[in-house]
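Architecture at a glance
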Amino acid sequence: MKAIKILSVLFLVFALLTSAVNVRAEKTTFTITEVKVEGTSVFDGSDIELNVERGDSIAIEVWIQGTGSDTDDADDNVRVKAEINGYEFGDIEAKTDIFSVKPGVTYKKTLRLNIPDDLDLESSLYTLHVEASSNDNSDETNNDIQLNINSKRHRF
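Anyway, here's the lowdown on the structure attached to this text. Small disclaimer: the values here were computed from a predicted structure and weren't measured.

**Re the overall build of the protein chain**
A tally of regular secondary structure across the protein chain gives 1 helix and 10 strands. Secondary structure elements of the protein chain occur, N-terminal to C-terminal, as α-β-β-β-β-β-β-β-β-β-β. Each of the 156 residues in the protein chain was classed as buried or not, and the buried ones make up 31%. Residue pairs at least 24 apart in sequence account for 66% of intrachain contacts in the protein chain once pairs closer than 6 positions are excluded. Accessible area for the protein chain stands at about 9,800 Å²; split by element, carbon and sulfur atoms hold 49% of it.

**Some points on the environment of A74**
Position of A74 among the secondary structure elements: in the loop between β4 (57-66) and β5 (75-84). The class for A74 is partly exposed, based on a relative accessible area of 29%. Sequence-wise, A74 and G104 are 30 residues apart; in three dimensions their C-alpha atoms are separated by 9.7 Å. Non-local contacts of A74, meaning those with residues more than four positions away in its chain, are made with V101, K102 and P103.

**Digging into a negative patch on the surface**
Taken together, the side chains of E88, D118, D120 and E122 make up a negatively charged region of the molecular surface. Its place among the elements puts E88 in the loop between β5 and β6 (92-95).

**Structural notes on the pattern of salt bridges**
Pairing is possible between side chains of opposite charge, provided their charged atoms come close. Scanning the model with the defined rule gives 3 salt bridges in all. For the salt bridge of E61 with K108, the shortest nitrogen-to-oxygen distance reads 3.1 Å. Of this pair, E61 sits in strand β4 while K108 sits in strand β8 (residues 106-114), placing them 47 residues apart in sequence.

**Some words on the pairing of β4**
Within β4, 8 of the 10 residues are buried, which leaves it mostly tucked inside the rest of the structure. Alignment of strand β1 (residues 30-37) against β4, held across 7 bridges, turns out to be antiparallel. Across the sheet, K36 pairs through a bridge with E61, a residue of β4. Sheet topology note: the β4/β8 ladder contains 9 bridges and is antiparallel. Within the sheet, the bridge partner assigned to I64 lies in β8 and is Y107.

**What to know about the sheet that holds β4**
Hydrogen bonding along the main chain pairs the strands of a sheet, whether they run parallel or antiparallel. Spatially, β2-β1-β4-β8 is the arrangement adopted by the 4 strands of the open sheet, whose pairing is antiparallel. Among the strands making up the open sheet, the edge pair consists of β2 (40-41) and β8.

Cut-off values and rules
- Here, residues in each chain are numbered from 1, in the same order as that chain's written sequence.
- Since the coordinates come from a predicted model, pLDDT governs what is reported: local features require at least 70, and pairs of side-chain atoms require 80 or more to be given and counted, while whole-chain, interface and lining totals use all residues.
- As a rule here, side-chain values come from all non-hydrogen atoms in the structure, and water together with hydrogens is ignored.
- Only DSSP runs of H or I reaching four residues or more are called helices, and only runs of E reaching two or more are called strands; each is numbered from the N terminus.
- Buried means the residue's accessible area, taken with a 1.4 Å probe over protein chains only, is under 20% of the maximum for its type, while exposed means over 50%, and partly exposed covers the values in between.
- Contacts are residue-level and defined by heavy atoms, with any inter-residue pair within 4.5 Å sufficient.
- Surface exposure here means Shrake-Rupley accessible area, sampled with a 1.4 Å probe, where a residue is shielded only by the protein chains that are shown.
- Residues enter a patch when their relative accessible area is above 30% and they make no salt bridge; the linking distance is 9 Å between like charges and 5 Å between nonpolar side chains (Val, Leu, Ile, Met, Phe, Trp, Tyr).
- A pair is scored as a salt bridge if a Lys or Arg side-chain nitrogen falls within 4 Å of a carboxyl oxygen belonging to Asp or Glu.
- For the purpose of charge, His is not counted, nor are the chain termini; Lys and Arg are scored as positive and Asp and Glu as negative.
- Each charge is placed at NZ for Lys, CZ for Arg, CG for Asp and CD for Glu.
- Being paired, for any two strands, means DSSP has found at least two bridges between them.

This is the structure we're talking about:
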């Protein structure tokens, strides 16, 4: 009798763990496959530190690929956002319009961030946060890039 109870409990625990894993796996409908800042690939936590200057407008290219195996895995409410936090007058950010992502299709989105002329350079190292998320934030993927921001020399 004890063996049946133990087996029942083990089966129940196994069933709960399996169902929790399946729920998480079903939510992933896209992933970021590449990020370029000013033409330099900076994807996936690489140790690249980019130098940009105050007053520059930097181009950020983000490639997103739909995952899944059928049209039920499509996501119609995806947005890409790039931001630099820590600016005293608010966040520096750019974002795309909402778009659809279908399984097996790769999308390229280009964002442009304007680095303010009055950005504090006391700590010149800032983090550029790039993320793609669904409208309800049930699915999200992101990447952080280190930017070394300097002032322009001999600027009149």
